[in-house]
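One letter stands for each residue in the lines below.
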Amino acid sequence: CEGGNVKTQMVIAAMETQLSNGPSCNNTTNGPTTISNNCSSPVESGSIEDSKTNLIVNYLPQNMTQEELKSLFGSVGEIESCKLVRDKITGTQFLGRFKLITLGTIKWANIKELGLKLFVLFAGQSLGYGFVNYVDPKDAEKAINTLNGLRLQTKTIKVSYARPSSASIRDANLYVSGLPKTMTQKELEQLFSQYGRIITSRILVDQMTGVSRGVGFIRFDRRIEAEEAIKGLNGQKPPGATEPITVKFANNPSQKTSQALLSQLYQSPNRRYPGPLAQQAQRFRLDNLLNMAYGVKSRFSPMTIDGVTSLAGINIPGHAGTGWCIFVYNLAPDADESILWQMFGPFGAVTNVKVIRDFNTNKCKGFGFVTMTNYDEAAMAIASLNGYRLGDRVLQVSFKTNKTHKA
DNA sequence: TGAGATT
């Protein structure tokens, strides 16, 4: 993770499993027969004896590794243990005959400069905080004195004693909406401070105008304080406000979006486009995700943030007004339109396909175009079909760019 | 509904 690039390690692990009572492999199932959650409860750690040696370090730079953290804090004294907290496995679910393992925070990622929107799972990436447990309490104290407030890249790290982990200090983050646009962060804190100790607060602003979006976050020290603030402030009008505010617990992003992922994957094209390739389409998605998750070298190319940013220099993908134009490269000389319909149809509405042929031989020149109506379906088709082996060829599939326009 | 404060 160097040079400020956004690294996305994995997108999702989707693992095909042979369930003992599951359908056979060539049986088309249209949906989950069983949904189960195998989330194990987190192991709580920390103890009284650690309270003078164990530190929590917040606001670490995104790309800082555990080794770097250890190196930095090791300069103060001998470290008993050190851990950078990273995104982790969040759940296991069954999707028909597929076992779906979600390995982190799943988000729609907007790649604004490319006009792309991708469904990406951020797994294994730093959550921006960590723990350092010293052997000697004196070193812990020294680390607070010398490293708290240290500037690292764009961040100012915070070093403080970690409390023994317990449920009472977890999930104390609140989402607040309906705030008056004129309300400042300080006023927001004043409003909430009556319910407990505020750790952090934030008001979201419009990126263009800098004007408040009327939405903010309040992180309390303790869960119970957050609960009391919801009771006291949800549906209430702040002083001087004309509208009531909404106060609720902030999303646990990975959980919420896992559901979105499930419905996304389960949005089976089978019903609309019956046929042998329809089943493959879903299979492609899962295989593709599996490969991305495990870094398996295979016929599929992971479509990660990195994969996209590596395309920097290519202009906004081709939106022709009538739909999203997709460039398909490395088709065989005898390829025809029907193969494009078959491959892309299962992913959604296809309005046009074209194989580019040599004028004299009438053989395919190795590439073609597909136009799809809906962005999300086009993106999913690209993510799934890029790297797909068709016969003895590995296809390259991407949004059409200006570079290929003349062809 | 952002970054990232309880492993």
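What counts, and at which threshold
- Residues numbered from 1 in each chain as written.
- Chains lettered and ligands numbered in written order.
- Predicted model: local features only at pLDDT ≥ 70, side-chain atom pairs only at ≥ 80, totals over all residues.
- Heavy atoms only, no water.
- Pairing = 2+ DSSP bridges.
- Helix = DSSP H or I, 4+ residues; strand = E, 2+ residues; numbered from the N terminus.
- Axes fitted to C-alpha atoms, helices over the stretch in contact; angles between N-to-C directions.
- Contact = heavy atoms within 4.5 Å.
- Salt bridge = Lys/Arg side-chain N within 4 Å of Asp/Glu carboxyl O.

(A) Main features of the sheet that holds strand 14 (residues 212-220). Strand order in the open sheet formed by four strands is 13-14-12-15, with antiparallel pairing between adjacent strands. Only two strands of the sheet have a single partner each, and these edge strands are strand 13 (198-205) and strand 15 (246-249). Strand-to-strand twist in this sheet, taken as the mean axis angle between neighbours without regard to direction, amounts to 20°. Note that strand 13 and strand 14 share seven bridges and pair antiparallel. Paired with T200 across the bridge in strand 14 is R219. Those strands touched by helix 3 (residues 185-192) are strand 12 (173-177), strand 13, strand 14 and strand 15, and its axis lies near 135° from that of strand 13. The sheet strands contacting helix 4 (residues 223-233) are strand 12, strand 14 and strand 15, and the helix crosses strand 15 at an angle near 155°.

(B) Representation of the pattern of salt bridges in the model. What the rule picks out here adds up to five salt bridges. Here D221 and R163 are joined by a salt bridge, their closest N and O atoms 3.0 Å apart. Placement of the pair is D221 in the loop between strand 14 and helix 4 and R163 in the loop between strand 11 (158-161) and strand 12, with a sequence separation of 58 residues. Measuring nitrogen to oxygen at the nearest pair gives 3.1 Å for the salt bridge that ties R357 to E337.

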